[in-house]
Amino acid sequence: MTHGMRTDTHSPHFDGDRDWRDTATRYALVPLRIFLGITFIYAGLDKLTDSAFMKDSGAGSIGDMMRGVRDSSAVPALVDMALESPVAFGYAIALGELAVGIGTLLGLLTRLAALGGALISLSLWLTVSWAADPYYYGNDLPYMFCWVPLVLAGAPLWSLDALIRNRRSRGRS
C-alpha cells in the first residue's frame, strides 16, 4: 500500500463535482480577515485620534478606564503594569491594533498578525471585559476566538503571504 500526501485543495464529493460548497470552503476565511482587519485598524485609529483617550486621567482616558477595571479584572497585575504608564500603554495597544489590522487585511505575516490580535483580545478580556456578566456581553472573548482560525490557517488566498509563497515556489522550479 502506498501512502502519500493529498495535494488537492478541494474537498472531494461522491459525484466528483466541484460546486459552490468547494468555493465557499476555499474562501471561508476571507470575510473574517476583512472584518477583523478593518475592525482592528479602526480601533487603533480611533484610539490614536481620540484626544481624551490618550491621557493619564480625565473622562474617557485610558488611565481612568484602567483604574476603573483594576479591581474587577482577572489579572490585576496586568492592569497595574498598564497603570505605570497609561499613555504609553494606550499607544502600544493602538499601534498593536493597527499593525494587526493591516497585516490581517493585506494578508502579510497573517499568522503572526492573528496571534497578535488574539493576544490583544485575550489581554483585554482578562482586564477590561472580565467583569461582563453574563460573559457573552463582553466582546473581547469572541474576538479572541475569531483570531484562532487565522492563526491556524493563515491567509492562503488574496494575500501578500500567498503572493510571496507563489513567487518563491516558482523560483525553485
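The structure this text deals with has already been given above.
Fair warning: this is a prediction, and the values are worked out from it, not measured in the lab. (Residues numbered from 1 in each chain as written. Predicted model: local features only at pLDDT ≥ 70, side-chain atom pairs only at ≥ 80, totals over all residues. Heavy atoms only, no water.)

Trainee: Describe the side chain of E97, with residues and values.
Mentor: Tracing the backbone shows E97 in helix 5 (residues 86–106). A residue is classified by how much of its surface remains accessible, and E97, at 4% relative accessible area, is buried. There is a polar contact of 3.0 Å between the side chain of E97 and the side chain of K47. Those residues in contact with E97 that sit more than four places away from it in its chain are F40, I41, A43, G44, K47, I120 and L124. (Helix = DSSP H or I, 4+ residues; strand = E, 2+ residues; numbered from the N terminus. Buried < 20%, exposed > 50% of the residue type's maximum accessible area, 1.4 Å probe, protein only. Polar contact = N/O pair within 3.5 Å; in protein donor to acceptor, adjacent residues only side chain to side chain. Contact = heavy atoms within 4.5 Å.)

Trainee: Please give an account of helix 3 (residues 62–69) that cites residues and values.
Mentor: Where helix 3 is concerned, the buried positions are I62, G63, M66 and V69. Looking straight down helix 3, one finds its buried side chains confined to an arc of 140°; they lie on one side. (Arc of directions from axis to C-beta.)

Trainee: Tell me about the layout of surface pockets, and name the residues and values.
Mentor: Taken as a whole, the largest pocket spans an internal volume of roughly 390 Å³. Counting residues per element, the ones that place at least two in the lining of the largest pocket are helix 2 (29–49), helix 3, helix 5, helix 6 (110–127) and helix 7 (140–153). Here the residues of the lining of the largest pocket are counted per class, giving eleven nonpolar, three polar and four charged. (1 Å grid on protein atoms, 1.4 Å probe; cavity = no way out; pocket = protein on both sides within 12 Å on 5 of 7 lines; lining within 4 Å. Points joined across faces, edges and corners; volume = space filled by probe spheres on them. Nonpolar A, V, L, I, M, F, W, Y, C, P; charged D, E, K, R; others polar.)

Trainee: An account of unusual backbone geometry is needed here, citing residue identities and associated values.
Mentor: Generally, phi is negative for residues other than glycine and the peptide bonds are trans, each holding for most cases. Here the amide bond leading from D133 into P134 is cis, since omega sits at 0°, within 30 degrees of zero. When you line up the elements, P134 lands in the loop between helix 6 and helix 7. The backbone of L109 shows a phi angle near 50°, a positive value even though the residue is not glycine. Position of L109 among the secondary structure elements: in the loop between helix 5 and helix 6. Residue L109 is classed as exposed on the basis of its relative accessible area, which comes to 56%.

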